[in-house]
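Each chain, written out:
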Amino acid sequence: MEVLRVAILDFCRRRKNNSFCPSEVVRQLYPEDWRHFMPEIQAVMMDMYREGLIRVTQQNKPIDPNQLPIGPVRISALPQKPI
């Protein structure tokens, strides 16, 4: 879902160096029905992680990009490379 990709990137931009939960994204977009969108946000999150667009961690450690994580995860922007 393109809207979820854009929303994740927007959260990364606004949060800068701070991580956020995937549920925060869908809660903002779909406040009444956010739980219904958790499978979609997780799938989009993992696609973006595999593409190298975002960082996904669990307990401050990068997760395996080939497995859907079990339990809470955090999304964050990739660290900025020095110019």
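So, here is what we can say about the structure in this document. The model shown is predicted, which means the values in this text are computed figures rather than measured ones.

## Digging into the environment of Gln 80
By the secondary structure assignment, Gln 80 is in the segment after strand S3 (74–77). By relative accessible area, which is 74% here, Gln 80 ends up exposed. Distance in space between the C-alpha atoms of Gln 80 and Leu 4 is 22 Å, their sequence separation being 76 residues.

## Some thoughts on the pattern of salt bridges
Applying the stated criterion to the full structure yields 6 salt bridges. With a closest N to O distance of 3.0 Å, Asp 10 and Arg 14 form a salt bridge. With a gap of 4 residues between them, Asp 10 and Arg 14 both fall in helix H1 (residues 2–15), about one helical turn apart. Residue Asp 10 is classed as partly exposed on the basis of its relative accessible area, which comes to 25%. Residue classification places Arg 14 among the partly exposed positions, given a relative accessible area of 40%. For Arg 50, the salt bridge identified is with Asp 47, shortest N-O distance 3.2 Å. Of this pair, Arg 50 and Asp 47 both sit in helix H3 (residues 38–50), 3 residues apart, roughly one helical turn.

So, how was this worked out
- Residues numbered from 1 in each chain as written.
- Predicted model: local features only at pLDDT ≥ 70, side-chain atom pairs only at ≥ 80, totals over all residues.
- Heavy atoms only, no water.
- Helix = DSSP H or I, 4+ residues; strand = E, 2+ residues; numbered from the N terminus.
- Buried < 20%, exposed > 50% of the residue type's maximum accessible area, 1.4 Å probe, protein only.
- Salt bridge = Lys/Arg side-chain N within 4 Å of Asp/Glu carboxyl O.

Geometric descriptors of this kind do not, in isolation, establish any biological role.
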